Amino acid sequence: AQSVTQLGSHVSVSEGALVLLRCNYSSSVPPYLFWYVQYPNQGLQLLLKYTTGATLVKGINGFEAEFKKSETSFHLTKPSAHMSDAAEYFCAVRASGNQFYFGTGTSLTVIP
Amino acid sequence: EAGVTQFPSHSVIEKGQTVTLRCDPISGHDNLYWYRRVMGKEIKFLLHFVKESKQDESGMPNNRFLAERTGGTYSTLKVQPAELEDSGVYFCASSQGTGTRSTDTQYFGPGTRLTVL
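Calculation rules
- Residues numbered from 1 in each chain as written.
- Chains lettered and ligands numbered in written order.
- Predicted model: local features only at pLDDT ≥ 70, side-chain atom pairs only at ≥ 80, totals over all residues.
- Heavy atoms only, no water.
- Pairing = 2+ DSSP bridges.
- Helix = DSSP H or I, 4+ residues; strand = E, 2+ residues; numbered from the N terminus.
- Axes fitted to C-alpha atoms, helices over the stretch in contact; angles between N-to-C directions.
- Contact = heavy atoms within 4.5 Å.
- Buried area = accessible area lost by both parts, 1.4 Å probe.
- Salt bridge = Lys/Arg side-chain N within 4 Å of Asp/Glu carboxyl O.
- Polar contact = N/O pair within 3.5 Å; in protein donor to acceptor, adjacent residues only side chain to side chain.
- Nonpolar A, V, L, I, M, F, W, Y, C, P; charged D, E, K, R; others polar.
- Disulfide = S-S within 2.5 Å.
- Buried < 20%, exposed > 50% of the residue type's maximum accessible area, 1.4 Å probe, protein only.

1. Quick look at the sheet that holds strand 3 (residues 19-24) of chain B
Residues and elements named next belong to chain B.
Here comes step 1: With antiparallel pairing, four strands are arranged side by side in an open sheet as 1-3-8-7. Looking at which strands have only one partner, the edges of the open sheet turn out to be strand 1 (5-7) and strand 7 (65-68). Averaged over all pairs of adjacent strands, the angle between strand axes in this sheet comes to 15 degrees, irrespective of strand direction.
Here comes step 2: Here three bridges tie strand 1 to strand 3, and the two strands are oriented antiparallel to one another. Considered in strand 3, the bridge of Gln-6 is made with Cys-23.

Here's what the structure looks like:
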């Protein structure tokens with residue numbers, strides 16, 4: 001069975017501080033892992049994805065995530081938060097088949 | 001290139017009424033997915049079309065939900081009769097690749113917020 005756990009439904013960081021959003025997954029097969037972001041009144045936008053190959057994946061807007069198989073984790077990071085990063089972030093796993101399994105989302109607040 | 005579009009953006013109906021949600025995928029995408037997010041919970045898979053065929057409908061909650069994709073282009077999701085627990089945001093997504101474990105990205109629409117009173 002596949003599932004995703006996002007620790008922390010709300011995360012607040014100061015502008016310029018490190019952003020760390022946690023994602024742990026369970027999967028019976030090698031997973032494909034995704035991070036999506038949803039800005040207010042918009043659809044989910046792909047930030048980055050891991051399928052195979054290099055375990056450190058770089059995405060848009062300065063975000064990156066590292067696939068750690070031993071820890072079943074795919075945490076999302078950004079070295080320096082910007083006000084425009086305030087949004088809701090979703091981690092998703094895709095294992096067998098084509099459907100995605102999402103976490104419950106993490107709302108990021110950036111404090112000026 | 002136009003993204004995935006959904007209509008309406010919001011719908012407020014009373015319990016027992018019928019509502020139809022529409023999704024227009026990205027042109028040329030054979031795969032179309034419906035998901036739902038109940039407030040505060042995770043986004044959950046409902047079903048997957050490949051062209052006009054239902055590939056996987058394991059996530060459909062019950063027989064009050066009917067999805068169609070005539071002609072393999074846009075899709076509709078009808079809820080009849082609607083119940084209070086059907087409230088949530090319904091997302092549609094599309095992707096290009098076919099076959100199991102395609103690495104293709106799913107592109108999501110903005111969602112339809114359904115409120116059942």
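Now that the structure has been shown, the text picks up again.
2. So, the interface of chain B and chain A
Here comes step 1: Listed as interface residues are 23 residues of chain B and, on the opposing side, 24 residues of chain A.
Here comes step 2: Carbon and sulfur atoms supply 50% of the area buried between chain B and chain A, which totals about 1900 Å² over both sides.
Here comes step 3: Across the contact surface, chain B and chain A share one salt bridge.
Here comes step 4: The interface formed by chain B and chain A contains six residue pairs in polar contact (both at pLDDT 80 or more).
Here comes step 5: Residue classes in the side of chain B that touches chain A are distributed as seven nonpolar, 10 polar and six charged.

3. Brief notes about the state of the cysteines
All names here are of chain B.
Here comes step 1: Under the criterion given, the structure shown has two disulfides over all chains.
Here comes step 2: Between Cys-23 and Cys-92 runs a disulfide, and the two sulfur atoms are separated by 1.8 Å. Taking the sign of the S-S torsion, about -65 degrees here, the bridge from Cys-23 to Cys-92 comes out left-handed. Of this pair, Cys-23 sits in strand 3 while Cys-92 is found in strand 9 (residues 88-95), placing the two residues 69 residues apart along the sequence.
Here comes step 3: Cys-23 gets classed as buried once you look at its relative accessible area, which sits at 0%.
Here comes step 4: A relative accessible area of 0% places Cys-92 in the buried class.

4. Quick notes on the environment of Glu66(A)
Residues and elements named next belong to chain A.
Here comes step 1: Structurally, Glu-66 can be placed in strand 8 (residues 64-68).
Here comes step 2: Accessibility expressed as a relative area gives 35% for Glu-66, which makes it partly exposed.
Here comes step 3: Placed 12 residues apart in sequence, Glu-66 and Ala-54 show a C-alpha to C-alpha distance of 8.9 Å.
Here comes step 4: Every residue in contact with Glu-66, bar those within four places of it in the chain, is listed here: Thr-55, Leu-56, Ser-73, Phe-74 and His-75.

5. Structural notes on the pattern of salt bridges
Residue and element names in this part refer to chain B.
Here comes step 1: Enumeration over the complete set of coordinates arrives at nine salt bridges over all chains.
Here comes step 2: Here Asp-86 and Arg-36 are joined by a salt bridge, their closest N and O atoms 4.0 Å apart. Placement of Asp-86 in the loop between strand 8 (75-79) and strand 9 and of Arg-36 in strand 4 (residues 31-37) is noted, with a sequence separation of 50 residues between them. Like Arg-36, Asp-86 is buried.
Here comes step 3: Measuring nitrogen to oxygen at the nearest pair gives 4.0 Å for the salt bridge that ties Arg-64 to Glu-85. Residue Arg-64 is found in the loop between strand 6 (53-56) and strand 7, and its partner Glu-85 is found in the loop between strand 8 and strand 9; the two are separated by 21 residues along the sequence.
Here comes step 4: Salt bridges linked by common partners bring Arg-36, Arg-64, Glu-85 and Asp-86 together as one network.

Remember, this is a structural readout, not a statement about activity or role.
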